[in-house]
Amino acid sequence: MSSTSTNFYASELQTALDDQSFGIQLFCLTSSTPYEARASVKLLEGNAITVKLTIQGYTIEPSTSSEGLSKDTFDSIENLLCSISHLYKEKRHDAWANKLEELLGTKKIPKSLHAEPLAPAL
């Protein structure tokens, strides 16, 4: 078997987590085989989880630090992270908003300058 096929899941997991670096503290690939890869991921909230990627998708490995977290399989690392980290969701939203502002060439309006809704006339 070639090294390319042996490292497929490790490469995919590495790329997926690199792309989400704005919304996690850090990660480290911990193991890989031709059929799966695992990484330790430290969330913005401070807790660490182990993410596993297989042909079925992304899952959280059971551990004492992952008790109460989803046991579902996700089709993307983004969906997995959204399901367990509210800070990731906030950072992801901010990243999208910044990208949209760049594309539209607009500048962010500070919240202090937003107009208050008008009270209905009596």
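Residue numbering note: each chain is counted from 1, following its sequence as written. Owing to the predicted nature of the model, reporting of local features is limited to residues with pLDDT of at least 70; listing and counting of side-chain atom pairs is limited to 80 or more, with chain, interface and lining totals taken over all residues. Neither water nor hydrogens contribute to the side-chain values; these are computed over all heavy atoms in the structure.

A.B. asks: Explain the overall build of the protein to me, please; I cannot follow it from the model alone.
C.D. replies: A run of H or I in DSSP becomes a helix once it reaches four residues, and a run of E becomes a strand once it reaches two; helices and strands are each numbered from the N terminus. Along its length, the protein carries four helices and four strands. Written out in order from the N terminus, the α and β elements of the protein read α-α-β-β-β-β-α-α. Across the 122 residues of the protein, 30% fall into the buried class. Working rule for contacts: check all heavy atoms of both residues, and any pair within 4.5 Å makes them a contact. If you take every contact in the protein between residues at least 6 apart in sequence, the share linking residues at least 24 apart comes to 33%. For the accessible areas, the method is Shrake-Rupley and the probe is 1.4 Å, while residue cover comes only from the protein chains on display. Of the roughly 8400 Å² of accessible surface on the protein, a fraction of 56% belongs to carbon and sulfur atoms. Only protein chains enter the accessibility calculation, which uses a 1.4 Å probe; a residue is then buried when its area is under 20% of its type maximum, exposed when over 50%, and partly exposed in between.

A.B. asks: Which parts of the structure should I look at to understand the sheet that holds strand β3 (residues 48–54)?
C.D. replies: Picture the strands of a sheet paired through backbone hydrogen bonds; they go either parallel or antiparallel. On the basis of which strands lie adjacent, the open sheet formed by four strands has the order β1-β2-β3-β4 and antiparallel pairing. Unpaired on one side and paired on the other, β1 (24–33) and β4 (57–60) mark the two borders of the sheet. Averaged over all adjacent pairs, the angle separating strand axes in this sheet is 25 degrees, with direction ignored. Pairing between strands is defined by DSSP: at least two bridges between the two strands are required. Looking at chain direction, strand β2 (residues 36–43) and β3 are connected through six bridges and run antiparallel. In this analysis an axis means a line fitted to C-alpha atoms, helices contributing only their contacting stretch, and an angle means the value between N-to-C directions, from 0 to 180 degrees.

A.B. asks: How should the nonpolar core be read in this particular structure?
C.D. replies: If you look at soluble globular proteins, the nonpolar side chains tend to sit buried side by side. Formed by 23 residues in total, the largest nonpolar core has its most connected members in Leu13, Leu17, Val41, Ile49, Val51, Tyr58 and Leu80. The set of elements that each furnish at least two residues to this core consists of α2 (8–19), β1, β2, β3, β4 and α3 (77–84). What makes a nonpolar core is a set of buried Ala, Val, Leu, Ile, Met, Phe, Trp, Tyr and Cys residues whose side-chain atoms join them at distances within 4.5 Å.

A.B. asks: I'm lost on a nonpolar patch on the surface in this one. Help?
C.D. replies: For patch building, the residue pool is restricted to those with more than 30% relative accessible area and no salt bridge; the joining distance is 9 Å between like charges and 5 Å between nonpolar side chains (Val, Leu, Ile, Met, Phe, Trp, Tyr). Criterion for a salt bridge: a side-chain nitrogen of Lys or Arg within 4 Å of a carboxyl oxygen of Asp or Glu. A contiguous nonpolar patch, built from Leu100, Leu103 and Leu104 and spanning about 350 Å² of accessible area, is present on the exposed surface. Along the chain, the position of leucine 104 falls in helix α4 (residues 86–104). By relative accessible area, which is 59% here, leucine 104 ends up exposed.

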